[in-house]
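Structural description and commentary
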Amino acid sequence: FGHNDEDRNIYMYEAMVTDTTFRNQVRNMWMSFLPKLPTYEAIEVVYDPWIPQIGELLQEFENRGGKVILIHHEAEGPWLKNFERFLPKARVWDKLVESCKCTAYHFSDYDFMSQYNLPDWSHLSAHDAPEYTKLMVQQLIDDGHLKPNN
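Structural notes, computed from the coordinates.

Rules behind the numbers
Residues numbered from 1 in each chain as written. Predicted model: local features only at pLDDT ≥ 70, side-chain atom pairs only at ≥ 80, totals over all residues. Heavy atoms only, no water. Buried < 20%, exposed > 50% of the residue type's maximum accessible area, 1.4 Å probe, protein only. Helix = DSSP H or I, 4+ residues; strand = E, 2+ residues; numbered from the N terminus. Arc of directions from axis to C-beta. Contact = heavy atoms within 4.5 Å. Salt bridge = Lys/Arg side-chain N within 4 Å of Asp/Glu carboxyl O. Expected span 1.5 Å × (residues − 1). Polar contact = N/O pair within 3.5 Å; in protein donor to acceptor, adjacent residues only side chain to side chain.

A few words now on helix α5 (residues 93-100). Listed in full, the buried residues belonging to α5 are W93, L96, V97, S99 and C100. Buried positions in α5, seen along its axis, are confined to an arc of 165° and lie on one side of it. Against the buried residues of α5 lie α3 (40-63), β3 (69-72) and β4 (103-106). Looking one or two residues beyond α5, the residue adopting positive phi is K101, at roughly 55°.

Below, the structure is given as structure tokens:
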């Protein structure tokens, strides 16, 4: 439901915003599997030991000079409801951030990250994506993770 430009950026088709029939087809596709995702309790035996392992790998990467920044972009509506059931923030994201000891941005912590309408509940429109990207980059600059390109 999108296309790539010459720089491999992916842009949502405008029809996702303007054509409710098309948008609902995509949303219906999401709803064909989102409610079937297991609860976290059904998969915690896999995730609980995985989180510290990922933290160790990311720390190893940073110890060799790499920079890790975790970014959890917004989801809304049924996508968010089912995702929270599957991978609840407090039990997965927060533990992963703690384990990684790295910079992290979650949409619920930054107003600019959750001010957009997501036509399919999980992706920005082509119109909103460049503005959001500029705001995200500015936040990274303001927090000292990127240098401004003057």
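Don't stop here, the text continues.
Excluding glycine, most residues fall at negative phi; most peptide bonds, likewise, are trans. Phi angles above zero are rare outside glycine, and K101 is one such case at about 55°. Mapped onto the fold, K101 is located in the loop between α5 and β4. On the basis of relative accessible area, K101 is assigned to the exposed category, the value being 61%.

A few words now on the pattern of salt bridges. This structure, assessed with the given rule, holds four salt bridges. The salt bridge involving E41 is made with R91; its shortest N-O contact spans 3.0 Å. Placement of the pair is E41 in helix α3 and R91 in the loop between α4 (77-86) and α5, with a sequence separation of 50 residues. The residue R91 makes a salt bridge to E44 at a minimum N-O spacing of 2.5 Å. Separated by 47 residues along the polypeptide, R91 in the loop between α4 and α5 and E44 in helix α3 bring together distant segments of the chain. Using a relative accessible area of 27% as the deciding quantity, one classes R91 as partly exposed. Each member of the salt-bridge network shares a partner with another, and the members are E41, E44 and R91.

So, on to helix α2 (residues 20-31). Residues separated by three or four positions in an α-helix point in the same direction, a consequence of the helix having 3.6 residues per turn. With twelve residues, α2 ought to run about 16 Å at 1.5 Å a step, and its terminal C-alpha atoms sit 16 Å apart, in line with that. Regarding α2, the residues found buried are R23, V26 and W30. The arc that holds the buried residues of α2, viewed along the axis, is 65°, so those residues lie on one side. Facing away from the buried surface of α2 by more than 90 degrees, the exposed residues are T21, Q25 and N28. Looking at the buried positions of α2, the neighbouring elements they touch are α1 (15-18) and α4. A distance of 3.0 Å separates the backbone nitrogen of T21 from a side-chain oxygen at the start of α2, and that oxygen is part of D19.

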